[in-house]
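# Understanding the architecture of this molecule
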Amino acid sequence: MCMPLTALIQAAKNKEATAARIGCLDELDRWVSTHGLRAGVMYLNSLVPYRCTALVRVYREVIYCTSAYDSQLELSGVDVPEVPLGASFSQYAIRDGSFYTDVGAHELTLRDEKLIGTVQSYMGVRMLKADGSLYGTLSHFDFAWVRPPTEHLAFLEAAALRLQKHVQPGGSADSAERG
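Attention in this report is confined to the structure presented alongside it.

### Details of the packing of helix α4 (residues 37-46) against helix α6 (residues 152-163)
Two elements in contact, α4 and α6, have axes whose closest approach is 12 Å; the angle formed by their N-to-C orientations is 175°. Viewed along their axes, α4 and α6 adopt a mutual orientation that is roughly antiparallel. Of α6, the residues touching α4 (which contributes L37, Y43 and L44) are F155, L156, A159 and L163. Tallied by class, the residues present in the contact of α4 with α6 amount to 7 nonpolar, no polar and no charged.

This is the structure in structure tokens:
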């Protein structure tokens, strides 16, 4: 049984208590079926110590946030700016299927100055549409250093597969079509 939405928000705020929480794909499905894709993003965020969780769409080499949750309740999806794909960690998640870093500005493989910015910790996976074409990424990120719970990467990949059916064929999520 799903916890109430208010309990989910409280769990997301209390990151120390939820940092080791193991996710359940059936619970993710229930959240999305009952409350929509953003509730699923909130659920995923409640499982990790990262501040934000987002689903972003790639369109013409630009990433657009279609659904996001900030556990500190300061940002919403509309606050996440459009970013050129080459200036985002999403490019590596798309290229390799998944990517994580816990010291973004110091990662040896990331020498491109465009990536040295406010996001310091990132874990993301490639997100496909139901037809198998590229949608974008599903990711956790933070503006501070966060030790990535690498065991969560496999769960995030499985979650992305479950969420495929909720991404609209035209490329949108939660009816947030752009481009």
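### A closer look at the side chain of N45
As for its position among the elements, N45 is in helix α4. There is a polar contact of 3.3 Å between the side chain of N45 and the backbone oxygen of Y50.

### Details of helix α3 (residues 25-35)
Within α3, the full set of buried residues consists of E27, L28, D29, W31 and V32. Where α3 ends, the next residue or the one after it, G36, has phi of about 100°, a positive value.

### Details of the pattern of salt bridges
Throughout the structure, instances matching the rule amount to 4 salt bridges. In this structure, D26 engages R162 in a salt bridge whose closest nitrogen and oxygen atoms are separated by 3.5 Å. Of this pair, D26 sits in helix α3 while R162 sits in helix α6, and the two are 136 residues apart along the sequence. Judged by its relative accessible area of 44%, D26 falls in the partly exposed class.

Calculation notes
- Residues numbered from 1 in each chain as written.
- Predicted model: local features only at pLDDT ≥ 70, side-chain atom pairs only at ≥ 80, totals over all residues.
- Heavy atoms only, no water.
- Axes fitted to C-alpha atoms, helices over the stretch in contact; angles between N-to-C directions.
- Helix = DSSP H or I, 4+ residues; strand = E, 2+ residues; numbered from the N terminus.
- Parallel < 35°, antiparallel > 145°, perpendicular 65-115°, else oblique.
- Contact = heavy atoms within 4.5 Å.
- Nonpolar A, V, L, I, M, F, W, Y, C, P; charged D, E, K, R; others polar.
- Polar contact = N/O pair within 3.5 Å; in protein donor to acceptor, adjacent residues only side chain to side chain.
- Buried < 20%, exposed > 50% of the residue type's maximum accessible area, 1.4 Å probe, protein only.
- Salt bridge = Lys/Arg side-chain N within 4 Å of Asp/Glu carboxyl O.

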